[in-house]
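A structural walkthrough
Residue-level listing of the chains:
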Amino acid sequence: MTILNTSFDTLYQTAPFSRIENDHYLPAFLQAIKEAKAEIDEITNNPETPTFENTIEVLDFSGEQLDRISSIFFNMNSAETNDTIQKIAQEVSPLLSEFSNDITLNETLFKRVKAVYDIKDTLDLNSEQNTLLDKKYKGFSRNGANLSEYKKTRLREIDKASSQLKLKFGENVLAETNAFEMHLTNEEDLAGLPEGAKEAAQQLAESKQKEGWLITLDYPSYIPFMTYANNRELRKKLAIAAGAKAFKGNEHDNQDNVLQITKLRHERANLLGYKTHAHFVLEERMAKTPETVQHFLNELLEKAKPAAEKEFKDLEAFAKDLDGIDALQKWDGSYYAEKLKQKLFSLDDEQLKPYFKLENVIDGVFTIAERLYDLKFEEIDTIDKYHEDVLTYKVTDLKGNLVSVFYADFFPRPGKRNGAWMTVYKPQYIKNGKNSRPHISNVCNFTKPTKSKPSLLTFNEVTTLFHEFGHALHGILANTTYPSLSGTSVSWDFVELPSQVLENWCYEKEALELFATHYETGEPIPMDLIEKIKASATFHEGMQTLRQISLGLLDMSWHSENPSAITSVKTHENKAFENTKLYPDVAGNCMSTAFSHVFQGGYSSGYYSYKWAEVLDADAFEYFLEKGIFNKDVAKKFKDHILSQGGIEDPMTLYKRFRGKEPQPEALLRRAGLIEK
Ligand SMILES: [Zn+2]
């Protein structure tokens, strides 16, 4: 346990984790909400004429205490949770959304914001202030603040109906996922599966008091079966069951929900003066318009399609050769791809892991940050933490000035959710001339060391560490005035650039030499292994690109046109898939009815972002490749124009300042091996 020393948290004003008890949270939230409300009241009650300073700026700095408590609490709920914390989360979440609704629906506040917005051309604001003013104004207008009472009422109705439909959509997908299970009693039916997957299937059966093995549509069960199971009929059964989710005409069918959700989204966009839902969403993204996204996806499609078709033909030939398969079906793809991959690369995690001892990888990523951005990471034990596994660092510049506090929490525990993420305990901002530095954290779930072996990472874990550390650098190097524009507070299709670009260093000899040495012998990673890693990373990149494009186009097809004439979900979907189809269609299957990203989550008109971010990172990294991956000038440009700038300007403007031109898809296509180098 951390020994409490009350002076710790005053050093950098870090969170006093070890002194926080669960029953402190709720009263703290209530108090902070009260204070934040009082701060808003102070703005609305100000008798002076609204100005940028007394309204927009004050609004952005309001609620600081509430933000800090929220970030600590919700990070605990992800990284070190328990039943009590989860219960508090359920109590607190409605309070927080009520508070934020109170702000967006506050008409007096909006009047003041609008008064400033209306005279913005006369104000002589700098570009960051302009962005902040736009953002604050849109926070109201995009929620209907400019509408007549009648239209406002309709907007509230739409929002209420939409959120219920989205909830229902998700419940249906979940119910359909849980409703199916494939019960196997003959061990031969599991032939091909790795031992781990077999064991899991057996345990699942046991947990339901059944003999034999159970396979379900949950990914940890579904994916290994589709990838390894030799029995083609069973793979077919499983794939068809997965593809038919919420498309069977039963009580959990989502076809009607899809149509209703898209129609309501369209109506909402029209009410607010936008042509379609995609126009509404993309206004706040780097891509800006549906036309740009369509053009982007189609250009990528044109270039990736020949490679995808060739890969598909080769895979089909391989399957025919191996098992006499005549026409490759959906349920064959992963299975034969895995077999082919094994044949071509014979690369497995166990070969690589000895070269990636966690401590070495951390040192490596720090050294890279030091060489690129002149940062120094020093482990310190004078900062309070929430668990003994958490490492704490002081990040300084070359002159020894504090740049950031950095937390790293790498190992799984019962109270931690899966995955890896970057988090901010305190944002960076400049107030009263003082640059207040951020507190940034990375949370991951890597293999824990044992008594006999240190933590050895798979290559996938190595790239994950680099990815999250790239997000961390975006936070650590932040240098803006306003907290809501700082660090990773950027548009969705821009936020993955710093994280994805850093992953590129994992594939470069010059970078690997810094840290990828055998944990026992100290011998550097052999070149042929690096080459294999690179080659296998682009395996079937054409087909994968085509798949991502197809989902991006499907998303856009639902949201960039008036959907009122669409009556059949399946017919509409087939039309959207026309140019990206590789496998024969299965009549009883539908993607849209289980496309939770878009119909339940927040990815509507945003699915393209995955590929968009890859284009950005490949194009940005190519600049480093041209000049050298440790080139100081390129690194300085990346830091000055991207990493330190948060969302203070349009991302395309920032990007062009760094790169000297707009991003081009060619770098991605070259890296993916889809066009000649
Ligand atoms: Zn990310």
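Quick caveat: nothing in here was measured; it's all calculated off a predicted structure. Along every chain, residues carry numbers that run from 1 in the direction the sequence is written. Local features are withheld for residues below a pLDDT of 70 in this predicted model, meaning they are given only at 70 or higher, and side-chain atom pairs are given and counted only at 80 or more; totals for whole chains, interfaces and linings count all residues. The side-chain numbers reported here are obtained from all heavy atoms of the structure, hydrogens and water having been left aside.

**A short note on the sheet that holds strand β6 (residues 421-426)**
On the basis of which strands lie adjacent, the open sheet formed by 5 strands has the order β3-β4-β5-β9-β6 and mixed pairing. The strands lining the two open edges of the sheet, one partner per strand, are β3 (376-379) and β6. Taking each pair of neighbouring strands and ignoring which way they run, the sheet shows an average axis angle of 25 degrees. The strands touched by helix α4 (residues 64-79) are β5 (402-409), β6 and β9 (439-443); relative to β6, the strand with the most contacts, the crossing angle is about 150 degrees. Across the sheet, helix α18 (residues 459-476) is in contact with β3, β4 (391-396), β5, β6 and β9; its angle to β9 comes to roughly 175 degrees. Pairing between strands is defined by DSSP: at least two bridges between the two strands are required. Only DSSP runs of H or I covering at least 4 residues are called helices, and only runs of E covering at least 2 are called strands; the numbering of each starts at the N terminus. Each axis is a line fitted through C-alpha atoms, taken for helices only over the stretch in contact, and angles between the N-to-C directions span 0 to 180 degrees. Whether two residues touch is decided by their heavy atoms; if any such pair falls within 4.5 Å, the residues are in contact.

**Structural notes on helix α17 (residues 358-373)**
One turn of an α-helix holds 3.6 residues; hence residues three or four places apart share an orientation. The end-to-end C-alpha separation of α17 is 22 Å, in line with the 22 Å expected for 16 residues at 1.5 Å each. Among the residues making up α17, those that are buried are Leu-358, Asn-360, Val-361, Ile-362, Gly-364, Val-365, Phe-366, Ile-368, Ala-369, Leu-372 and Tyr-373. Asp-374 sits one or two positions beyond α17 and adopts a positive phi of about 55 degrees. To estimate the expected span of a helix, subtract one from its residue number and multiply by 1.5 Å. Buried, partly exposed and exposed residues are distinguished by accessible area as a fraction of the type maximum, computed with a 1.4 Å probe on protein chains only: under 20%, between the cut-offs, and over 50%, respectively.

**Topic: a negative patch on the surface**
On the surface, Glu-35, Glu-39, Asp-41 and Glu-42 cluster together into a patch of negative charge. Within the secondary structure layout, Glu-35 lies in helix α2 (residues 22-44). Patch membership is restricted to residues that have no salt bridge and whose relative accessible area is over 30%. Joining uses 9 Å for like charges and 5 Å for the nonpolar side chains Val, Leu, Ile, Met, Phe, Trp and Tyr. Reported accessibility uses the Shrake-Rupley method at a 1.4 Å probe radius. Residues are deemed covered only where the shown protein chains occlude them. Only one rule defines a salt bridge in this text: a Lys or Arg side-chain nitrogen within 4 Å of an Asp or Glu carboxyl oxygen. Charge assignment: positive for Lys and Arg, negative for Asp and Glu; neither His nor the chain ends contribute. A charge is said to be at NZ when it belongs to Lys, at CZ for Arg, at CG for Asp and at CD for Glu.

**Let's talk about the side chain of Glu-573**
Mapped onto the fold, Glu-573 is located in helix α23 (residues 569-577). Despite its burial, Glu-573 pairs with no opposite charge, the nearest such side chain being Lys-570 at 4.8 Å. Contacts of Glu-573, omitting those with residues within four sequence positions, involve Leu-554, Cys-590, Met-591 and Ser-592.

**Digging into the packing of α2 against α4**
Between α2 and α4, the shortest axis-to-axis distance is 8 Å and the interhelical angle comes to 150 degrees. In terms of axis orientation, α2 runs roughly antiparallel to α4. Crossing angle aside, the handedness with which α2 passes α4 is left-handed. Contacts between α2 and α4 pair Tyr-25, Ala-28, Phe-29, Ala-32, Ile-33, Glu-35 and Ala-36 from the former with Gln-65, Leu-66, Ile-69, Ser-70, Ile-72, Phe-73, Phe-74 and Met-76 from the latter. Asp, Glu, Lys and Arg are counted as charged, while Ala, Val, Leu, Ile, Met, Phe, Trp, Tyr, Cys and Pro are counted as nonpolar; the rest, among them Gly, fall into the polar class. Tallied by class, residues from the contact of α2 with α4 come to 12 nonpolar, 2 polar and 1 charged. What sets the label is the angle itself: under 35 degrees gives roughly parallel, over 145 gives roughly antiparallel, 65 to 115 gives roughly perpendicular, and the rest give oblique. We call a crossing left-handed when the near helix sits turned anticlockwise from the far one by less than a right angle, and right-handed when that turn is clockwise.

**Examining the nonpolar core**
Grouping buried Ala, Val, Leu, Ile, Met, Phe, Trp, Tyr and Cys residues that are joined through side-chain atoms within 4.5 Å yields what is termed a nonpolar core. Membership of the largest hydrophobic core comes to 106 residues, with the highest contact counts inside it found for Phe-356, Phe-406, Phe-466 and Trp-505. With 12 residues, helix α14 (residues 290-323) is the single largest residue contributor to this core. Filtering out sequence-adjacent residues up to four positions away, Phe-466 remains in contact with Val-361, Val-365, Ile-368, Ser-499, Leu-502, Glu-503, Trp-505, Cys-506 and Phe-515. Among the nonpolar cores identified, the runner-up in size contains 51 residues, and Ile-69, Leu-133, Phe-140 and Val-390 belong to it.

No statement about biological role is implied by the geometric values presented.
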